[in-house]
Amino acid sequence: MKTDFLWGGALAAHQFEGGWNTGGKGPSVIDVLTAGTHSTPRKITDTIEPNEFYPNHEAIDFYHRFKDDISLFAEMGLKCLRTSIAWTRIFPNGDEEVPNEEGLAFYDEVFDELLKNNIEPVITLSHFEMPLHLANEYGGFRNKKVIDYFLRFAKVVLKRYQDKVKFWMTFNEINNQMNTNNPLFLWTNSGVKVQDDEHPKELMYQVAHNELVASAKVVIEAKKINPALQIGCMLAFVPVYPYSSNPNDVMAAEEYLRQRFFFGDIHVRGEYPSYALKEFDREGYKIEITEEEKTILKEGTVDFVGFSYYMSTTVKSNHSNESDDVVSGGISQSIDNPFIKSSDWGWGIDPVGLRYSLNLLYNRYQLPLFIVENGFGQVDELTEDKKIHDSDRISYLRDHIIEMKKAVEYDGVDLIGYTPWGIIDLVSFTTGEMKKRYGMIYVDRHNDGSGSLNRYRKDSFIWYKNVIASNGKEV
Ligand code: BG6
């Protein structure tokens, strides 16, 4: 691996900072999400209700413990830390003229502490953290005014931290909201709830368009502030395999992959892909896209592609047994792949899928890539002598790093870095649990909010430290 390869760890403000109403911070769309489990979805409440438990409010209290946590990251030898700036620490409601200085000062302190420890901050501007006020009063990204508020926030932080942060990403996993069956994703990505008279897919494409314009405007402004800043997108990349060599399965996978590529295609190429325009026509979707916005999309293309990789999926065409003239694959999604085992939360474990994804994305976009999330959520046991023997996590990460190295060293993919998800245990996004742990540092905190919040090094901590020290030679 290149000597400047960024081995690191990834986090998101709302999942680990806590201090949800401290230092002038306002509530975000995440602050109204209750705790769920694998089988019980998180609820989105209208306001913060006294009898509900909101796990992100205190999270793991990094807000008050950041110096100690950063010293653990430094001990591990991290070269970078990917996290987000909570939008509501800077603009508590989102529509203020003037930013909250206390919030800005907090990130100065955190970034200075990281840099003092030779850890480069890598920043996501919006990791599901829209101000609740913008969602409730403006309808989130369905309202084009929110583009301006996002841009205002972005300009303030890009200017303020331009000498401390080089790599930025605009919207975390922007493509999650393609799944309109789960209300969580449109809410957390865009601050949007589907109304009865709205077509979910059409609405999703409209808010997605507004976010893509916002992202492109950020790229354009960032270059004016400092041309050295590198602005990327961030995609949830779950590659799609055909269930069989039946050409209809292959075509179904190709068609399904468009859901993965749609956002990246616009972020990178600055224009709508023809398959999307055909879909809008076919379905009768009316998406408001102005000529001026088309120019902005073209001017504000990203410098790199950040993505998360956890698993692959496999699809089967409904037409597998027919020989008729098939136009659409007629996908029935997520067929079990007999070659892939799953975690306790049903996430398939497929290291080769990471190499495959790196090749797919690099060949399509020819831009540097950054793996900004990868990891294994599992239950960990703290032993009586305060150890955590997380050999399954080590195997998962080891196997993925081996495939990543093949993509770089054999296939020639240009890769900036690798930041495994949840380098320290944090609140799970989809379930709100603490029990689904990703960290290499254990945090004594449980689903119901109990626990001392003490930190303990897991076996994976020692293992990853050595991976970094050997620049990936010893895995
Ligand atoms: C990604 C998100 O979806 O995956 C993270 O960017 C999230 O915020 C991570 O935590 C893992 O998902 P989960 O639901 O297991 O926490």
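Residues numbered from 1 in each chain as written. Predicted model: local features only at pLDDT ≥ 70, side-chain atom pairs only at ≥ 80, totals over all residues. Heavy atoms only, no water.

Student: Would you explain the overall build of the chain in this entry?
Tutor: Per the secondary structure count, the chain includes 14 helices and 15 strands. Relative to the 2.2 N^0.38 estimate, which gives 23 Å for 475 residues, the radius of gyration of the chain is 21 Å and therefore close to what a compact globule would have. Taken along the three principal axes of its C-alpha coordinates, the chain extends 65 × 50 × 50 Å. Counting all 475 residues of the chain, 60% fall into the buried class. Summarising the internal contacts of the chain: among those between residues at least 6 apart in sequence, 75% fall at separations of at least 24. When the accessible surface of the chain is split by element, carbon and sulfur atoms take 48% of a total near 18900 Å². Across the chain, the centroid of the 51 positively charged side chains sits 3 Å from that of the 70 negatively charged ones. (Helix = DSSP H or I, 4+ residues; strand = E, 2+ residues; numbered from the N terminus. Rg over C-alpha atoms; globule rule 2.2 N^0.38 Å. Buried < 20%, exposed > 50% of the residue type's maximum accessible area, 1.4 Å probe, protein only. Contact = heavy atoms within 4.5 Å. Areas by Shrake-Rupley, 256 points an atom, 1.4 Å probe, with all protein chains shown as cover. Lys, Arg positive; Asp, Glu negative; His and termini not counted. Charge placed at Lys NZ, Arg CZ, Asp CG, Glu CD.)

Student: So what exactly am I meant to see when it comes to the site of the ligand here?
Tutor: Contacts to the ligand come from 14 residues, most closely from E173, E373, T430, K436 and Y438. At 2.8 Å, a backbone N or O of F429 approaches an oxygen atom of the ligand. Protein coverage of the free-state accessible area of the ligand, which is 370 Å², stands at 97%. Residues of the shell around the ligand, tallied by class, amount to 6 nonpolar, 5 polar and 3 charged. (Near = heavy atom within 4 Å. Polar contact = N/O pair within 3.5 Å; in protein donor to acceptor, adjacent residues only side chain to side chain. Nonpolar A, V, L, I, M, F, W, Y, C, P; charged D, E, K, R; others polar.)

Student: Is there a simple way to explain helix α2 (residues 62–76) in this structure?
Tutor: At 3.6 residues per turn, the α-helix brings residues three or four places apart onto the same side. With 15 residues, α2 should reach 21 Å at 1.5 Å per residue; the first-to-last C-alpha distance of 17 Å falls well below that figure. Its axis deflected by about 45° at D68, α2 carries its strongest bend there. Residues F62, Y63, F66, D69, I70, L72, F73 and M76 constitute the buried set of α2. Looking one or two places after α2, you find G77, whose phi comes out positive at around 90°. (Expected span 1.5 Å × (residues − 1). Bend = angle between axes of the 7 residues up to and from the residue.)

Student: Looking at this structure, how should I read the pairing of strand β13 (residues 415–418)?
Tutor: Regular strands show a simple pattern: their side chains alternate between the two faces of the sheet. Both strand β1 (residues 6–10) and β13 contribute to a ladder of 2 bridges, which runs parallel. Note on β13: the bridge partner recorded for W7 is Y418. Here strand β12 (residues 369–373) pairs with β13 via 2 bridges, running parallel. Note on β13: the bridge partner recorded for I371 is Y418. Once you follow β12 into helix α13 (residues 391–409) and on to β13, the crossover reads as right-handed. (Pairing = 2+ DSSP bridges. Right-handed = clockwise from strand over helix to strand, strands pointing away.)

Student: What is the right way to read the pattern of salt bridges from this model?
Tutor: When the charged atoms of two side chains with opposite charge come close together, those side chains can pair. Scanning all chains against the criterion turns up 30 salt bridges. Across the pair K2 and D414 runs a salt bridge whose closest N-O atoms are separated by 3.5 Å. Taken together, the residues K2 in the segment before β1 and D414 in the loop between α13 and β13 connect sequence positions 412 residues apart. For the salt bridge of R65 with D61, the shortest nitrogen-to-oxygen distance reads 3.2 Å. Each of D380, D390, R393, D425, R437 and K458 takes part in one network of salt bridges that share partners. (Salt bridge = Lys/Arg side-chain N within 4 Å of Asp/Glu carboxyl O.)

Student: Sorry if this is basic, but what is going on with empty space enclosed by the protein here?
Tutor: Empty space among the atoms can be located by rolling a probe the size of a water molecule over them. Counted according to the given criterion, the structure contains 4 cavities of 30 Å³ or more. Each pocket or cavity is described by its volume, and for the largest cavity that value is around 80 Å³. The wall of the largest cavity is formed by 13 residues, among which A13, H14, G18, K25 and D31 lie closest to the centre. Those elements that place two or more of their residues in the lining of the largest cavity are α1 (13–16) and α3 (87–90). Class assignment of the residues belonging to the lining of the largest cavity gives a composition of 3 nonpolar, 5 polar and 5 charged. Taken as a whole, the second largest cavity encloses approximately 50 Å³ of empty space. Around the second largest cavity, the lining residues are Y310, S343, W347, G348, G375, F376, G377, Y396 and Y438. (1 Å grid on protein atoms, 1.4 Å probe; cavity = no way out; pocket = protein on both sides within 12 Å on 5 of 7 lines; lining within 4 Å. Points joined across faces, edges and corners; volume = space filled by probe spheres on them.)

Student: What exactly am I supposed to notice about the side chain of R455 here?
Tutor: Position of R455 relative to the elements: it lies in strand β15 (residues 455–457). In this structure the side chain of R455 is engaged in a polar contact, spanning 2.8 Å, whose partner is the side chain of D69. Within polar-contact distance, the side chain of R455 engages the backbone oxygen of L453 at 2.8 Å. Residue contacts for R455: discarding those within four places in its chain leaves I60, D61, F62, R65, D69, L72, I424, I441, Y442 and V443.

Such coordinate-based values are descriptive only and should not be taken to indicate function.
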